[in-house]
Amino acid sequence: MTNAVLEAIKTRRSCRKYEPRQITKEELDAVLEAGVWAPTAMGTQEPLMVVLQDPEAIAEVERLNGGVMGHPESHPFYGAPTVIIVFADASRPGVFVEDGSLVMGNLLNAAHAVGLGSCWIHRAREVFDSEEGKALKAKWGIPESYAGIGNCILGYPVEEAPAKPRKDGYVIFG
């Protein structure tokens, strides 16, 4: 069976090398729309997304992210000109990580579908549990109960990564 959605899912790869030019508003809006339409437990639609395109704002969060790894001078956002940070309400244990992860998945797949490179950069929870991270959440109006789920970095890829072959035994019929 051939289908544009299935083909996009099969051909999407994590991108770790970006052109410096900013993505278009139309591309960003399409990716964000996919995040908004992600499924959530009981249809609560509680995840939130913060979009960063200002280089200084990105550098601040990137420094905090690198600091979690013990390397605040590193560049874990790989020069991506746009970062979407996904948050979900941790007061909903058992579903908040899953809800935010579904948003992240939609963002990644939609980015590829519109011709952008993307990558899930982890450590959002640790960043936004820190005092500096909590201050940023407050600045952006994110409720205290919300936890960082992931950072979706976006931009135009410099190169495409080939797909690794899929392993045998991935699916088991019971």
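Look up: the structure comes first, before these words.
Calculation criteria
- Residues numbered from 1 in each chain as written.
- Predicted model: local features only at pLDDT ≥ 70, side-chain atom pairs only at ≥ 80, totals over all residues.
- Heavy atoms only, no water.
- Pairing = 2+ DSSP bridges.
- Helix = DSSP H or I, 4+ residues; strand = E, 2+ residues; numbered from the N terminus.
- Axes fitted to C-alpha atoms, helices over the stretch in contact; angles between N-to-C directions.
- Contact = heavy atoms within 4.5 Å.
- Patch = residues over 30% accessible without salt bridge, like charges linked within 9 Å, V, L, I, M, F, W, Y side chains within 5 Å.
- Areas by Shrake-Rupley, 256 points an atom, 1.4 Å probe, with all protein chains shown as cover.
- Salt bridge = Lys/Arg side-chain N within 4 Å of Asp/Glu carboxyl O.
- Phe/Tyr/Trp six-rings, centres within 6.5 Å; stacked < 30°, edge-to-face > 60°.
- Buried < 20%, exposed > 50% of the residue type's maximum accessible area, 1.4 Å probe, protein only.
- Parallel < 35°, antiparallel > 145°, perpendicular 65-115°, else oblique.
- Left-handed = near helix turned anticlockwise from the far one by under 90°.
- Nonpolar A, V, L, I, M, F, W, Y, C, P; charged D, E, K, R; others polar.

1. Considerations on the sheet that holds strand β1 (residues 48–52)
Read from one edge of the open sheet, 4 strands run β1-β2-β4-β3, paired in antiparallel fashion. Across the chains shown, the open sheet's two edge strands, defined by having one partner strand only, are β1 and β3 (117–121). Taking the axes of each pair of neighbouring strands and ignoring which way they run, one obtains an average angle of 25° across the sheet. Bridging between β1 and strand β2 (residues 82–89) involves 5 bridges; their strand directions are antiparallel. Its bridge partner being in β2, Leu48 is matched across the sheet by Phe87. Along the sheet, helix α6 (residues 131–140) makes contact with β1, β2 and β4 (146–155), crossing β2 at roughly 90°.

2. Here we look at a nonpolar patch on the surface
A surface patch of nonpolar side chains, about 470 Å² in accessible area, is lined by Met1, Val5, Leu6 and Ile9. Inspection of the secondary structure puts Met1 in the segment before α1 (4–11).

3. Brief notes about the packing of aromatic side chains
In total, this model carries 2 aromatic pairs according to the counting rule given. Arranged with centres 4.9 Å apart and planes meeting at 70°, the rings of Phe87 and Phe128 form a pair that is edge-to-face. Taken together, the residues span a long stretch of sequence, with Phe87 in strand β2 and Phe128 in helix α5 (residues 124–129) at a distance of 41 residues. Residues Phe128 and Trp140 carry aromatic rings whose centres are separated by 5.8 Å and whose planes lie at 55° to one another, so their mutual orientation is tilted. Pair noted here: Phe128 is in helix α5 and Trp140 is in helix α6, with a separation of 12 residues, a long-range link. Using a relative accessible area of 1% as the deciding quantity, one classes Phe128 as buried. Given a relative accessible area of 25%, Trp140 falls into the partly exposed group. An aromatic cluster of three or more residues is present, and its members are Phe87, Phe128 and Trp140.

4. Quick word on the packing of helix α2 (residues 25–36) against helix α4 (residues 96–113)
Interhelical geometry of α2 versus α4 gives an angle of 150° and a closest axis separation of 8 Å. In terms of orientation, α2 and α4 fall into the roughly antiparallel class. The two elements α2 and α4 meet at a crossing, and its hand is right-handed. Residues Ala30, Val31, Leu32, Ala34 and Gly35 of α2 pack against Val103, Asn106, Leu107, Ala110 and Ala111 of α4. The residue makeup of the contact of α2 with α4, split by class, is 8 nonpolar, 2 polar and no charged.

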